[in-house]
Amino acid sequence: MFDLILEYLESIDPILAAFYATMFTWFLTALGAAFVFFFKTMNRALLDGMLGFTGGVMVAASYWSLLAPAIEMSEGEGFVKVMPASIGFLMGALFLFALDKTLPHLHINFKESEGIKSPWQRTTLLVLAITLHNIPEGLAVGVLFGGVAAGIPEASIAGAVTLAIGIGIQNFPEGIAVSMPLRRMGMSRRKSFMYGQTSALVEPMAGVLGAVAVTFFTPILPYALAFAAGAMIFVVVEEVIPETQQDKNTDIATLGLIAGFIVMMSLDVALG
């Protein structure tokens, strides 16, 4: 099955392939959000474990799928070779830092809001919080497909598809993490689902943007890969991990993170 997917994606335009791959990651978010049609609440320990899993996938993907290829394809030796990855990583983190401080959003616990003051409803602010998570994820997939289009040896369809699978897996609990709190607030199942899946619609847009940018500006690929990694790590440290520490489920969340890391590492090594 995996080989058939690779064969098909290799036969089409890489930018279109990036769009299809990120639509897959959106679909799994929507699938998670659809749980709201069957359940009104979810055990907080289970949710924290799934969010920890999400963090583990993002950390592993940042290294195995993004930083390692960025360093490998950079020229020079020693500090010169690692410089593009270092600069890109820092810029990605600073980009998310700027969004975090300016874009109004609300954490899943509904207790902490960040960004500039806004009259927007809490539901909108919650969706924006998860949307922040999804920008670097879509960008990462798109950048890898852009590298394939540019003919960079270190960028492969297999690696890009593997990353999309990993991100799709961790998007599943993110869809649940948005829709369930909204349902618990009294919102209808249909609206809770719509808000939940909307948070991932930014991924296809970011994916196509990343693929186009790298296709036209091939030298930025190492920087772009590291940029996506820096943005993802910022999200994990600033948003995901603190969110799992709000209740008394720290051990469950930690084990979830370890499991997510192992799953993504195994996927990347075995398939990528």
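Residues numbered from 1 in each chain as written. Predicted model: local features only at pLDDT ≥ 70, side-chain atom pairs only at ≥ 80, totals over all residues. Heavy atoms only, no water.

Next up on the list: helix α10 (residues 250-271). Residue pairs three or four apart in sequence face the same way in an α-helix, which turns once every 3.6 residues. End to end, α10 covers 31 Å across 22 residues, agreeing with the expected 32 Å (1.5 Å per residue, within 8%). All buried positions along α10 are accounted for by Ala253, Gly256, Gly260, Met264, Leu267 and Asp268. Considered in projection along α10, the buried side chains sweep an arc of 95° and stay on one side of the axis. Opposite the buried face of α10, by more than 90 degrees, sit the exposed residues Asp251, Leu255, Val269 and Ala270. (Helix = DSSP H or I, 4+ residues; strand = E, 2+ residues; numbered from the N terminus. Expected span 1.5 Å × (residues − 1). Buried < 20%, exposed > 50% of the residue type's maximum accessible area, 1.4 Å probe, protein only. Arc of directions from axis to C-beta.)

This part is about the nonpolar core. Core analysis: the biggest nonpolar cluster contains 51 residues, and Leu66, Phe145, Leu163 and Leu225 have the highest contact counts within it. The leading source of residues in this core is helix α9 (residues 221-244), at 13 residues. Counting residues in hydrophobic clusters, the runner-up holds 7 residues, among them Leu47, Met50, Leu51 and Ile176. (Core = buried A, V, L, I, M, F, W, Y, C linked by side-chain atoms within 4.5 Å.)

Let us now look at the packing of helix α6 (residues 157-184) against α10. Packing of α6 against α10 leaves a shortest axis separation of 9 Å and a crossing angle of 160°. Taken as axis vectors, α6 and α10 run roughly antiparallel relative to one another. Every pair of crossing elements has a handedness; the one defined by α6 and α10 is right-handed. Of α10, the residues touching α6 (which contributes Ala158, Thr162, Leu163, Ile165, Gly166 and Ile169) are Met264, Leu267, Asp268 and Leu271. (Axes fitted to C-alpha atoms, helices over the stretch in contact; angles between N-to-C directions. Parallel < 35°, antiparallel > 145°, perpendicular 65-115°, else oblique. Left-handed = near helix turned anticlockwise from the far one by under 90°. Contact = heavy atoms within 4.5 Å.)

Right, let's get into the layout of surface pockets. The space that makes up the largest pocket amounts to roughly 260 Å³. Taken together, 14 residues form the lining of the largest pocket, with Leu139, Val143, Leu209, Gly210 and Phe227 sitting closest to its centre. If you list the elements that add at least two residues to the lining of the largest pocket, you get α5 (122-149), α8 (202-216) and α9. Element by element, the count of residues in the lining of the largest pocket is highest for α8, at 6 residues. Taken together, the residues of the lining of the largest pocket sort by class into 13 nonpolar, 1 polar and no charged. Size it by volume and the second largest pocket reaches roughly 170 Å³. In this structure, the second largest pocket is lined by Ile5, Leu9, Tyr20, Ala21, Phe24, Val161, Ala164 and Ile165. Looking at the lining of the second largest pocket, the elements with two or more residues in it are α1 (2-10), α2 (14-33) and α6. (1 Å grid on protein atoms, 1.4 Å probe; cavity = no way out; pocket = protein on both sides within 12 Å on 5 of 7 lines; lining within 4 Å. Points joined across faces, edges and corners; volume = space filled by probe spheres on them. Nonpolar A, V, L, I, M, F, W, Y, C, P; charged D, E, K, R; others polar.)

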